[in-house]
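# Coordinate analysis (summary)
If you want the building blocks of each chain, they are given just below.
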Amino acid sequence: MKRTEMMTEVSPNWDQFYRQDINAKIPFFCREDRIYDCLFSQQFDRHLLDRLFGVADKMRRLAQTKAGADFLASLLSHKRAMLYFVQPSTRTFLSFQNACHILGFKTSEIRDTSISSEIKGETPEDSVRTFSSYVDLIIMRHPVPGFVEKTAWVMNRAKRPVPVINGGSGKDQHPTQALLDVYTLNSCLKGGVEGKTIVMVGDLKRGRTVRSLSYLMKNYKGVRLVFVSPPQLRMEKDILDFLSRHLIPYRETDDLGPVMREADAIYMTRIQDEHDTAGESKKVDYSRFCFRQKDLKAIKDTCIIMHPLPRRDEIELSVDEDDRAVYWRQERNGMWVRAALIAHIFSVEDQILKRS
Amino acid sequence: MKRTEMMTEVSPNWDQFYRQDINAKIPFFCREDRIYDCLFSQQFDRHLLDRLFGVADKMRRLAQTKAGADFLASLLSHKRAMLYFVQPSTRTFLSFQNACHILGFKTSEIRDTSISSEIKGETPEDSVRTFSSYVDLIIMRHPVPGFVEKTAWVMNRAKRPVPVINGGSGKDQHPTQALLDVYTLNSCLKGGVEGKTIVMVGDLKRGRTVRSLSYLMKNYKGVRLVFVSPPQLRMEKDILDFLSRHLIPYRETDDLGPVMREADAIYMTRIQDEHDTAGESKKVDYSRFCFRQKDLKAIKDTCIIMHPLPRRDEIELSVDEDDRAVYWRQERNGMWVRAALIAHIFSVEDQILKRS
Amino acid sequence: MKRTEMMTEVSPNWDQFYRQDINAKIPFFCREDRIYDCLFSQQFDRHLLDRLFGVADKMRRLAQTKAGADFLASLLSHKRAMLYFVQPSTRTFLSFQNACHILGFKTSEIRDTSISSEIKGETPEDSVRTFSSYVDLIIMRHPVPGFVEKTAWVMNRAKRPVPVINGGSGKDQHPTQALLDVYTLNSCLKGGVEGKTIVMVGDLKRGRTVRSLSYLMKNYKGVRLVFVSPPQLRMEKDILDFLSRHLIPYRETDDLGPVMREADAIYMTRIQDEHDTAGESKKVDYSRFCFRQKDLKAIKDTCIIMHPLPRRDEIELSVDEDDRAVYWRQERNGMWVRAALIAHIFSVEDQILKRS
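Residues numbered from 1 in each chain as written. Chains lettered and ligands numbered in written order. Predicted model: local features only at pLDDT ≥ 70, side-chain atom pairs only at ≥ 80, totals over all residues.

Bringing the overall build of chain A into the picture now. Assigned secondary structure in chain A consists of 14 helices and 11 strands. Taking 356 residues into account, the globule formula puts the C-alpha radius of gyration at 21 Å, and chain A, at 21 Å, falls close to it. Principal-axis analysis of the C-alpha atoms places the extent of chain A at approximately 60 × 50 × 45 Å. Per-residue burial over chain A gives 48% buried out of 356 residues. Residue pairs at least 24 apart in sequence account for 76% of intrachain contacts in chain A once pairs closer than 6 positions are excluded. (Helix = DSSP H or I, 4+ residues; strand = E, 2+ residues; numbered from the N terminus. Rg over C-alpha atoms; globule rule 2.2 N^0.38 Å. Buried ≥ 20, exposed ≤ 12 C-beta atoms within 10 Å, placed from the backbone. Contact = placed C-beta atoms within 7 Å.)

Structure below.
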């Protein structure tokens with residue numbers, strides 16, 4: 001069934017569309033076998049992951065010379081992107097903005113909607129559609145769950161469709177964060193992700209990144225997961241069920257010491273106390289879920305230490321100078337893999353891969 | 001008389017200059033027979049309108065290919081623009097910013113003056129002059145009537161003059177809005193604007209767009225205007241007098257139903273309740289000045305439906321999908337015609353028109 | 001001793017490093033005989049000043065043609081800069097941003113840190129390091145003394161170092177302001193700065209610009225300084241001592257009238273009442289430290305009038321039209337000399353100087 005037919009048949013209205021299972025919705029956000037709107041981690045299969053990582057690697061190499069960087073910036077120099085970030089996020093904002101700049105996009109930005117047409121009684125959908133008039137790509141972060149998806153749905157049905165990338169939508173999805181985590185594992189671990197032991201540490205209950213990352217592990221054979229968390233902050237049942245269903249072995253513990261020795265990657269996270277409802281974080285002894293200078297002696301020579309950042313005290317500052325601490329590289333990887341995703345959406349990744 | 005002479009003779013000081021009739025002031029804002037500072041709708045005559053629309057059309061066509069878009073972006077790649085928008089207006093801001101990007105300008109922006117030198121006791125004129133030091137074009141929106149004009153006056157007399165474009169100045173002028181409205185009429189109506197019946201609907205008393213649009217109709221032969229509004233919100237006498245003086249036929253009514261049948265264009269507007277002094281808008285039954293899905297059957301096949309946006313309920317959402325609803329295109333037209341205006345100010349429109 | 005050795009030996013930790021004398025710290029912020037991080041006025045010696053001014057002059061000339069401007073913008077088109085300005089400063093911000101654009105940099109900006117990761121408990125050092133991941137240059141203004149220097153220190157020791165330019169740090173340093181002042185003196189005074197009489201007027205006690213400017217005068221032979229200020233706001237003893245030590249003759253007075261006749265340059269400044277602790281500025285009769293239209297008759301034909309801006313009433317508006325009033329040019333010079341500094345840091349100044 002062609003996409004256009006599906007549109008009219010399957011999605012007569014937004015509410016009906018939205019209620020569907022994510023996997024049923026994915027085809028609507030694709031065009032010609034490639035991602036058009038990037039909304040869900042579920043849109044990345046192994047084939048696409050490998051392709052995007054290859055593109056990201058190649059872009060990084062090309063960008064090391066002026067000629068290569070100028071080539072990249074020529075690819076989409078005729079395009080304009082809008083960063084619509086109404087939820088504060090300097091980190092993700094800058095990562096996307098610079099990813100756009102790498103490919104030559106001109107960018108404009110909206111970081112506060114209270115200042116304008118919403119005062120005049122315009123619906124958020126009309127606002128976004130207005131702003132989209134001027135650009136070729138929308139990258140959006142929005143606090144309301146489903147809002148980014150709805151924007152993509154609206155824009156996809158418009159006479160002048162514009163692709164939408166989810167830069168973090170409510171608590172539900174932040175697909176490019178998962179992408180950069182897997183990219184970092186894949187590029188920093190010798191031989192890639194397959195067969196590796198990944199230890200995730202901290203507030204696994206409320207951390208969006210560890211949830212998405214666990215999910216994406218279904219794309220890699222032989223991965224073993226170890227979840228290290230305070231008893232109150234264990235990984236949620238839906239993810240554990242998912243892992244069981246996909247036969248991905250996992251273990252749960254609240255003791256980091258013994259498991260760090262076997263880790264190929266340790267993924268540290270901070271406590272997500274902004275989601276507290278009654279100060280429950282204060283009752284947690286988080287000091288047992290921190291990585292210290294002295295722990296560097298305990299881990300494998302090849303083990304990498306990751307963190308989605310921002311950090312508090314989960315990783316001692318002096319750890320930064322160890323070569324196995326890759327969280328700053330991980331941060332930078334975000335920019336590259338986002339650039340690769342945009343290159344994919346705009347069908348220029350072949351040009352990048354062929355460039356010598 | 002040459003411009004420079006006029007400057008010294010006619011405008012020894014700002015207050016004297018400002019009090020003059022607009023038509024007397026226009027020559028001061030021109031250089032070598034082209035607009036230098038764009039401040040008033042009155043600066044657009046038929047010849048210039050036709051020229052700008054031709055340039056805008058050509059730019060849109062060129063931008064459809066990468067080669068064409070890169071050509072456009074090469075034209076003014078050596079120029080820098082400053083968007084000085086101290087009155088909230090995301091819509092107009094983005095439209096201008098992207099128009100600049102189309103032509104290759106680098107842009108910088110000021111969106112809040114409270115944060116800087118005004119605290120240090122600088123006059124607004126000095127602030128603007130300072131900021132202008134760095135750029136080749138100023139696009140300005142300012143809540144104080146006359147402020148944009150004064151900036152143009154100051155900068156025009158400076159040793160290093162910089163052109164100024166009015167992006168909306170108090171309640172008085174918003175010339176590029178009128179420009180995009182006429183451009184939309186001209187490009188969406190078969191055979192152009194001449195001889196057409198244009199129905200303007202809503203709060204005609206306080207809507208800046210319908211006032212400017214009516215004014216510009218003097219440039220087109222055989223146009224008939226129909227004003228549909230609540231009795232309290234009728235078009236003001238100064239415009240009606242202007243129309244009579246220029247022999248432009250118009251009619252007033254408060255009943256949209258019968259007149260929509262004869263319309264070539266229906267221009268809907270929202271109620272401007274931000275200008276209420278005592279909640280008078282609440283007494284108006286605005287539901288009679290809305291366009292609904294069912295009305296699509298009543299209007300001509302060739303009739304276009306316009307709206308300056310933002311809208312509230314004046315046009316039902318489902319109308320958007322009809323081909324005659326052109327308000328999203330109208331929004332986008334704003335970017336193109338602003339780009340054409342900038343191309344005109346910087347004398348590159350011939351290069352655009354000649355490009356094959 | 002090589003820089004890297006020094007790093008490990010001399011600066012084991014920040015506090016030890018920071019407490020050193022500025023001259024001892026300078027080598028740490030250089031690489032291959034050029035400035036890598038620009039933090040202190042003390043980094044500019046006569047040889048470098050001459051070089052930067054030559055580059056700035058050449059850039060201005062090149063920028064007068066489209067071909068020249070496009071050449072400049074091609075030089076660092078593969079680089080990205082971040083403007084991290086958490087202290088309000090539209091003037092310096094725009095000057096740097098446009099300097100970056102002249103050289104082809106793509107820019108991103110942070111103007112408010114309260115909106116993001118600081119809420120999540122990240123240290124400022126981690127925030128800056130995160131943001132630096134995406135770019136090749138950081139230009140920073142920060143209210144906390146030493147913060148810009150610390151950023152440079154951190155980034156200089158990182159695996160992926162990024163140069164840092166000080167755009168104004170607390171009350172201590174604003175090196176590019178001093179640079180533009182000397183550049184203006186040098187380019188507007190026939191025969192350059194040597195042997196000239198420079199009169200500095202106003203709040204000399206608290207004005208950062210007059211302090212730095214006095215300091216840099218050690219690079220020029222035969223300069224005489226005259227300090228004109230209210231008794232309460234005299235130049236501070238550390239600068240006077242510095243001048244004596246370097247045998248630079250100076251005089252102090254509170255009477256502008258007689259000294260303006262002998263001046264080659266008059267550097268006016270506003271009262272810095274934002275540094276008042278108990279409204280002491282209100283007790284000062286500042287009217288005696290203003291330059292008026294009538295004073296134009298008293299000064300030399302070749303005397304230039306400067307002001308770091310913003311001004312209040314220190315210079316009458318009508319003075320602006322006199323050719324000897326160079327403060328607007330001075331403002332613009334800031335952009336050019338900052339562009340020259342960036343060209344130096346990125347080793348492209350030879351390409352600029354060789355361009356015909």
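All right, on to the relation of the copies chain C and chain B then. Each copy of the sequence occupies a distinct position, and chain C is placed on chain B by a rotation of 120 degrees and an axial shift of 0.0 Å, giving an RMSD of 0.0 Å. Here the two chains are linked by the operation of a three-fold rotation axis. In terms of proximity to the rotation axis, the leading residue of chain C is Lys 106 of chain C, whose C-alpha is 5.3 Å off the axis. (Least-squares fit on C-alpha atoms with pLDDT ≥ 70 in both.)

Right, let's get into the packing of helix 4 (residues 46-62) of chain C against helix 13 (residues 327-345) of chain C. Residues and elements named next belong to chain C. Two elements in contact, helix 4 and helix 13, have axes separated by 8 Å at closest approach and are oriented at 115 degrees. Taken together, the axes of helix 4 and helix 13 are roughly perpendicular relative to one another. Where helix 4 crosses over helix 13, the two elements pack in a sense that is right-handed. Each of Leu 52, Val 55, Ala 56, Met 59 and Arg 60 in helix 4 lies in contact with helix 13, whose residues at this interface are Trp 336, Val 337, Ala 339, Ala 340, Leu 341, Ala 343 and His 344. Residues of the contact of helix 4 with helix 13, tallied by class, amount to 10 nonpolar, one polar and one charged. (Axes fitted to C-alpha atoms, helices over the stretch in contact; angles between N-to-C directions. Parallel < 35°, antiparallel > 145°, perpendicular 65-115°, else oblique. Left-handed = near helix turned anticlockwise from the far one by under 90°. Nonpolar A, V, L, I, M, F, W, Y, C, P; charged D, E, K, R; others polar.)

The next point concerns the nonpolar core. Counting residues in each nonpolar core, the largest one holds 305 residues, and the members touching the most others are Ile 266 and Tyr 267 of chain A, Ile 266 and Tyr 267 of chain B together with Ile 266, Tyr 267 and Ile 305 of chain C. Apart from the residues within four sequence positions on either side, Ile 266 of chain B is in contact with Val 199, Val 201, Met 260, Phe 291, Ile 299, Cys 303, Ile 305 and Met 306 of chain B. (Core = buried A, V, L, I, M, F, W, Y, C linked by C-beta atoms within 7 Å.)

For the rest of this paragraph, the subject is the sheet that holds strand 4 (residues 106-110) of chain B. The four strands are arranged 4-3-5-6 (chain B) in an open sheet whose pairing can be described as parallel. Edge positions in the sheet fall to strand 4 and strand 6 (164-169) of chain B, since each of these pairs with one other strand and no more. Across this sheet, the average inter-strand angle for adjacent strands is 15 degrees, counted without regard to direction. Two strands pair when backbone bridges link them, and strand 3 (residues 80-85) of chain B and strand 4 of chain B are joined in this way by five bridges, in the parallel orientation. Looking at strand 4 of chain B, one finds that Tyr 84 of chain B is bridged to Ile 110 of chain B. Of the strands in this sheet, strand 3, strand 4, strand 5 (137-142) and strand 6 of chain B touch helix 6 (residues 90-102) of chain B, which is tilted by about 180 degrees from strand 3 of chain B. Of the strands in this sheet, strand 3 and strand 4 of chain B touch helix 6 (residues 90-102) of chain C, which is tilted by about 170 degrees from strand 4 of chain B. (Pairing = 2+ DSSP bridges.)

All names here are of chain A. Look at helix 4 (residues 46-62) against helix 9 (residues 175-188): their axes get within 11 Å of each other, and the N-to-C directions meet at 75 degrees. Here helix 9 runs roughly perpendicular to helix 4, going by the angle between their axes. Contacts between helix 4 and helix 9 involve Leu 49, Leu 52, Phe 53, Ala 56 and Asp 57 from the first element and Leu 179, Val 182, Tyr 183, Asn 186 and Ser 187 from the second. Residues belonging to the contact of helix 4 with helix 9 are distributed by class as follows: seven nonpolar, two polar and one charged.

Our next topic: unusual backbone geometry. All names here are of chain A. Along the chain, Leu 309 connects to Pro 310 via a cis peptide bond; the corresponding omega equals 0 degrees. With a phi angle near 65 degrees, Asp 33 is a residue other than glycine that sits in the positive phi range. Take Asp 33: it is sitting in the loop between strand 1 (30-31) and strand 2 (34-35).

Strand pairs in the sheet, formed through backbone hydrogen bonds, run parallel or antiparallel to each other. Residue and element names in this part refer to chain B. Strand order in the open sheet formed by five strands is 9-8-7-10-11, with parallel pairing between adjacent strands. With partners counted over all chains shown, the strands left at the sheet margins are strand 9 (250-253) and strand 11 (304-306), one partner each. Each strand axis lies, on average, 15 degrees off the axis of its neighbour in the sheet, ignoring direction. Of the strand pairs in this sheet, strand 10 (residues 265-268) and strand 11 are connected by three bridges, and their pairing is parallel. Bridge pairing links Tyr 267 to Met 306 in strand 11.

Quick look at the pairing of strand 8 (residues 224-228) of chain C now. The two faces of a sheet get side chains in turn, since along a regular strand they alternate between them. Residue and element names in this part refer to chain C. Most of strand 8 sits inside the fold, with four of its five residues counted as buried. Handedness of the crossover is the feature at issue here: the chain leaves strand 7 (residues 197-201), passes through helix 10 (residues 208-216), returns alongside strand 8, and the resulting connection is right-handed. Strand direction decides the pairing type here: strand 8 and strand 9 (residues 250-253), joined by four bridges, are parallel. Across the sheet, the residue bridging to Leu 225 is Tyr 250, located in strand 9. With helix 11 (residues 237-245) bridging strand 8 and its parallel neighbour strand 9, the resulting β-α-β unit is right-handed. (Right-handed = clockwise from strand over helix to strand, strands pointing away.)

Taken residue by residue, the interface counts 21 residues in chain C and 19 residues in chain B. Classifying every residue of the side of chain C that touches chain B gives eight nonpolar, six polar and seven charged.

Turning our attention to helix 4 of chain C. Note that an α-helix has 3.6 residues per turn; residues three or four places apart therefore point the same way. Residue and element names in this part refer to chain C. The end-to-end C-alpha distance of helix 4, which contains 17 residues, comes to 24 Å, matching closely the 24 Å that a straight helix rising 1.5 Å per residue would cover. By the burial criterion, the buried members of helix 4 are Leu 49, Leu 52, Phe 53, Val 55, Ala 56, Lys 58 and Met 59. Where helix 4 is buried, its residues contact helix 5 (66-75), helix 6, helix 9 (175-188), helix 13 and helix 14 (349-354). (Expected span 1.5 Å × (residues − 1).)

Attention now moves to the domain arrangement of chain A. Where interface size is given, it is often the accessible area lost as the parts come together that is meant. All names here are of chain A. Under the domain assignment, chain A is made up of domain 1 (3-174 + 333-354) and domain 2 (175-272 + 283-330). Look at where the C-alpha atoms of domain 1 and domain 2 centre, and you get two points 27 Å apart. Listed by contribution, the elements that provide at least two residues to the side of domain 1 that touches domain 2 are helix 4, strand 6 (164-169) and helix 13 (327-345). If one sorts the elements of the side of domain 1 that touches domain 2 by residue count, helix 4 sits on top with six residues. Along the lines of polarity and charge, the residues of the side of domain 1 that touches domain 2 split into 10 nonpolar, eight polar and five charged. (Domains from an automatic or database assignment.)

The next point concerns the interface of chain C and chain A. Contacts between chain C and chain A engage 19 residues on the former and 21 residues on the latter. Elements with a contribution of two residues or more to the side of chain C that touches chain A: strand 4 (106-110) and helix 7 (124-132) of chain C. Sort the elements by how many residues they give to the side of chain C that touches chain A and helix 7 of chain C lands first, with four residues. In terms of residue class, the side of chain C that touches chain A is built from five nonpolar, eight polar and six charged.

Right, let's talk about the pairing of strand 4 of chain C for a bit. Most of strand 4 of chain C is tucked away: four of the five residues are buried. With helix 6 of chain C bridging strand 3 (residues 80-85) of chain C and the parallel strand 4 of chain C, this β-α-β connection has right-handed handedness.

Here we take up the confidence of the model for chain A. In this model, chain A carries a mean pLDDT of 92, and residues with pLDDT of at least 70 account for 94%. The ipTM for the predicted assembly is 0.91, set against a pTM of 0.94. (pLDDT = per-residue confidence, 0-100.)

Residues and elements named next belong to chain C. For Val 199, the location among the structural elements is in strand 7. Through-space distance from the C-alpha of Val 199 to that of Glu 321 is 21 Å; in sequence the pair is 122 residues apart. Residues within four places of Val 199 in sequence aside, it is in contact with Val 226, Val 228, Val 259, Met 260, Ala 263, Ile 266 and Tyr 267.

For the rest of this paragraph, the subject is the environment of Ile 342 of chain A. Residues and elements named next belong to chain A. Within the secondary structure, Ile 342 sits in helix 13. For the pair Ile 342 and Asp 37, spaced 305 residues apart in the sequence, the C-alpha separation amounts to 10 Å. For Ile 342, the residues in contact, after removing those within four places along its chain, are Ala 99, Cys 100 and Leu 103.

Okay, helix 7 (residues 124-132) of chain B next. The element helix 7 of chain B is extensively covered by neighbouring structure, given that seven of its nine residues are classed as buried. Within helix 7 of chain B the residues assigned to the buried category are Asp 126, Ser 127, Val 128, Arg 129, Thr 130, Phe 131 and Ser 132 of chain B. Looking at the buried positions of helix 7 of chain B, the neighbouring elements they touch are strand 3, strand 4, strand 5 and helix 8 (147-157) of chain B together with helix 6 and helix 13 of chain C.

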